[in-house]
Amino acid sequence: MKPQQRSLPRPLQRILIIQSIAFLALLIPISFGARQYFKRQYLASMRSTIHDLLETVYRQLPKKITPLWCHTIAKETHFRLTVISSETGFALCDTSYYDQKKIPLLDRPEIRAALQSPTGFADSVRFSETLHETTFYGTLFVKEKQVVVRVGFRLAELMQTLSVFDRVMVTVLLMFSLGTLLLFYLLNQRLVLPLATRFI
């Protein structure tokens, strides 16, 4: 009497391995796409928040803009607030830089874009020479006062969030991988192996 075969034949083992690799190859781009989607949604949410903040600052602009006013407005948030004269290019106030009159700012991409925008709104993501880190800037050109209001948000929080997201995705990938291996193994053991032992 032929003894019952207890392990998968080699061809079926190869199929199991190929199935697992194919599933992993599918999960990796899905997780990368999810990360990119999360980043886009985060920046879109930040853009909306900055837009609302710019509107709020615009409504509170005084006749004379001073550093004290600037710090008073910004102290309750973690945003950098700068008001730049569109005529001279120098900052009238800046919550992150006290020697404002030495550096012209009209060459900054978000400021150039605001001056050229039909709505006056613009934004950019770039490395800040003042903050020494990547920053999301939103700007609003206030034509009647000839100033550009700029708020900046440090993207360190986004980087930290993405780091947590990456760790979660790695954990999910590992769990799915192990679960998939187990599932494929059980399916092959229960469905394929009985047929294989019958006809081999």
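Preceding this section is the structure that the text describes.
This is a predicted model, so every value here is computed, not measured. (Residues numbered from 1 in each chain as written. Predicted model: local features only at pLDDT ≥ 70, side-chain atom pairs only at ≥ 80, totals over all residues. Heavy atoms only, no water.)

Asker: Lay out the side chain of Arg 108 in plain terms, naming residues and giving numbers.
Answerer: Looking at the element boundaries, Arg 108 is found in the loop between strand S2 (91-94) and helix H3 (109-116). Here the side chain of Arg 108 touches Asp 107 through a polar contact of 2.8 Å, side chain to side chain. Beyond its immediate chain neighbours, meaning those up to four positions away, Arg 108 contacts Ile 103, Arg 126, Glu 129 and Arg 150. (Helix = DSSP H or I, 4+ residues; strand = E, 2+ residues; numbered from the N terminus. Polar contact = N/O pair within 3.5 Å; in protein donor to acceptor, adjacent residues only side chain to side chain. Contact = heavy atoms within 4.5 Å.)

Asker: Break down the nonpolar core for me, with residues and values.
Answerer: If you look at the biggest cluster of nonpolar residues, it comprises 26 residues, and the most contacted ones within it are Ile 50, Leu 61, Ile 65, Trp 69, Leu 81, Val 149 and Phe 153. Sorting the residues of this core by element identifies helix H1 (10-59), helix H2 (67-74), strand S1 (80-85), strand S4 (133-142), strand S5 (147-154) and helix H4 (156-199) as the ones contributing at least two each. Beyond its immediate sequence surroundings of up to four residues, Ile 65 is in contact with Val 83, Leu 92, Cys 93 and Val 147. Leu 105, Ala 114, Phe 141 and Val 148 belong to the second-largest nonpolar core, a separate cluster that totals eight residues. (Core = buried A, V, L, I, M, F, W, Y, C linked by side-chain atoms within 4.5 Å. Buried < 20%, exposed > 50% of the residue type's maximum accessible area, 1.4 Å probe, protein only.)

Asker: Describe in detail the pattern of salt bridges, supporting the description with residues and values.
Answerer: By the definition in use, this model includes seven salt bridges. For Arg 47, the salt bridge is made with Asp 123, and the minimal N-O distance between the two is 2.9 Å. Of the two residues, Arg 47 is situated in helix H1 and Asp 123 in strand S3 (residues 121-128); the sequence distance between them amounts to 76 residues. Arg 47 sits in the partly exposed class, given a relative accessible area of 38%. The shortest N-O distance in the salt bridge between Glu 133 and Arg 154 comes to 3.3 Å. Placement of the pair is Glu 133 in strand S4 and Arg 154 in strand S5, with a sequence separation of 21 residues. Residue classification places Arg 154 among the partly exposed residues on the basis of a relative accessible area of 41%. Here the salt bridges do not stand alone but share partners, grouping Asp 107, Arg 108 and Glu 129 into one network. (Salt bridge = Lys/Arg side-chain N within 4 Å of Asp/Glu carboxyl O.)

Asker: An account of H3 is needed here, citing residue identities and associated values.
Answerer: For H3, the complete set of buried residues consists of Glu 110, Ile 111 and Ala 114. Seen from one end, H3 has its buried residues packed into an arc of 100 degrees, which puts them on one side. On its buried face, H3 is in contact with S1, S3, S4 and S5. (Arc of directions from axis to C-beta.)

Asker: Describe unusual backbone geometry, listing the residues and the values that go with them.
Answerer: Positive phi values are uncommon outside glycine, yet Gln 146 reaches one of about 55 degrees. Within the secondary structure, Gln 146 sits in the loop between S4 and S5. Given the relative accessible area of 28%, Gln 146 is considered partly exposed.

Asker: Give me the lowdown on H2, citing residues and values where you can.
Answerer: Here H2 has its buried residues at Trp 69, Cys 70 and Ala 74. One face of H2 carries all of its buried residues, which in axial projection span an arc of 120 degrees.

Asker: Any chance you could break down the packing of aromatic side chains for me, citing the residues and the numbers?
Answerer: Using the criterion set out here, one finds two aromatic pairs in the structure. Ring geometry for Phe 38 versus Tyr 42: centroids 6.3 Å apart, planes at 40 degrees, classification tilted. Taken together, the positions of Phe 38 and Tyr 42, both in helix H1 and four residues apart, correspond to about one turn of that helix. We classify Phe 38 as partly exposed; its relative accessible area is 27%. What makes Tyr 42 buried here is its relative accessible area of 15%. Ring geometry for Phe 79 and Phe 153: centres 5.6 Å apart, planes at 45 degrees, overall tilted. Highlighted residues: Phe 79 in the loop between H2 and S1 and Phe 153 in strand S5, separated in sequence by 74 residues. One residue, Arg 150, lies across the ring of Tyr 137, its end atom 4.5 Å from the ring centre. (Phe/Tyr/Trp six-rings, centres within 6.5 Å; stacked < 30°, edge-to-face > 60°. Lys NZ or Arg CZ within 6 Å of the ring centre and 35° of its normal.)

Remember that the coordinates give geometry; whether it matters functionally is a separate question.
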